[in-house]
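# Secondary and tertiary structure notes
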Amino acid sequence: MPTPSMEDYIEQIYNLIESKGYARVSDIAEALEVHPSSVTKMVQKLDKDKYLNYEKYRGFVLTAKGKKIGERLVFRHELLEEFLEIIGVEKENIYQDVEGIEHHLSWNSIDRIGDLVNYFKSDNIRIEELKKLADVTEK
């Protein structure tokens, strides 16, 4: 499995390719708030570990392995955002909270959170009851 840092890069590369059709070092550096030289080093490591194919001065593409991991990482991120929204976390906190916890949960925990999200989404009354509970505890 990739390290948390590698996961951040793979997720960002996956998102850029999905939205723009390509991912450039400068785009990744800007999104992750790192220097382009750091991106280049990580891209070389991801190439060595077979998450992407990199050709100097020509760019890179995710391998099947990299794309599969990217899909799973985006799923994890979106699921955690949805979960935090359902349980009543304030919108302005959700992204930062997800960034803080996503690398520290096992995939088993992610799957159980997915089950819980599906449970609440299967009946909107459950979500409303949870929101009422959150309102009571905030007072």
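Here is a short report on the structure shown in this document.

Let us now look at the packing of helix H1 (residues 4-20) against helix H4 (residues 64-86). Remark: H1 packs on H4, axes separated minimally by 8 Å, with the N-to-C direction vectors making an angle of 95°. Regarding the angle of H1 to H4, the classification is roughly perpendicular. In this structure, H1 contributes Glu7, Ile10, Glu11, Tyr14, Asn15 and Glu18 to the contact, and H4 contributes Gly66, Lys67, Ile69, Gly70, Glu71, Leu73, Val74, Arg76 and His77. The residue inventory of the contact of H1 with H4, partitioned by class, reads five nonpolar, four polar and six charged.

As judged from the four bridges shared by strand S1 (residues 52-55) and strand S2 (residues 59-62), these two strands associate in the antiparallel manner. Counterpart to Tyr54 in the pairing with S2 is Phe60. Count of turn residues in the S1/S2 antiparallel hairpin: three residues, of which Tyr57 carries a positive phi of about 70°.

If you check H1, its first and last C-alpha atoms are 24 Å apart, about what 17 residues at 1.5 Å a residue would give, namely 24 Å. Those residues of H1 that fall on the buried side of the exposure criterion are Met6, Glu7, Tyr9, Ile10, Glu11, Gln12, Ile13, Tyr14 and Leu16. On the buried face of H1, the contacting elements are helix H2 (25-32), helix H3 (36-48), S1, S2 and H4. Once H1 finishes, Gly21 follows within two positions and takes phi at roughly 90°, a positive value.

The subject of this paragraph is the packing of aromatic side chains. In this structure the tally under the stated criterion is two aromatic pairs. Both rings, one in Tyr54 and one in Phe60, keep their centres 6.5 Å apart while their planes meet at 50°; by these two values the pair is tilted. On the basis of relative accessibility, which here comes to 21%, the residue Tyr54 falls in the partly exposed class. Across from the ring centre of Tyr119, 3.8 Å away, lies the NZ or CZ of Arg126, which sits over that ring.

Basis of the calculations
- Residues numbered from 1 in each chain as written.
- Predicted model: local features only at pLDDT ≥ 70, side-chain atom pairs only at ≥ 80, totals over all residues.
- Heavy atoms only, no water.
- Axes fitted to C-alpha atoms, helices over the stretch in contact; angles between N-to-C directions.
- Helix = DSSP H or I, 4+ residues; strand = E, 2+ residues; numbered from the N terminus.
- Parallel < 35°, antiparallel > 145°, perpendicular 65-115°, else oblique.
- Contact = heavy atoms within 4.5 Å.
- Nonpolar A, V, L, I, M, F, W, Y, C, P; charged D, E, K, R; others polar.
- Pairing = 2+ DSSP bridges.
- Expected span 1.5 Å × (residues − 1).
- Buried < 20%, exposed > 50% of the residue type's maximum accessible area, 1.4 Å probe, protein only.
- Phe/Tyr/Trp six-rings, centres within 6.5 Å; stacked < 30°, edge-to-face > 60°.
- Lys NZ or Arg CZ within 6 Å of the ring centre and 35° of its normal.

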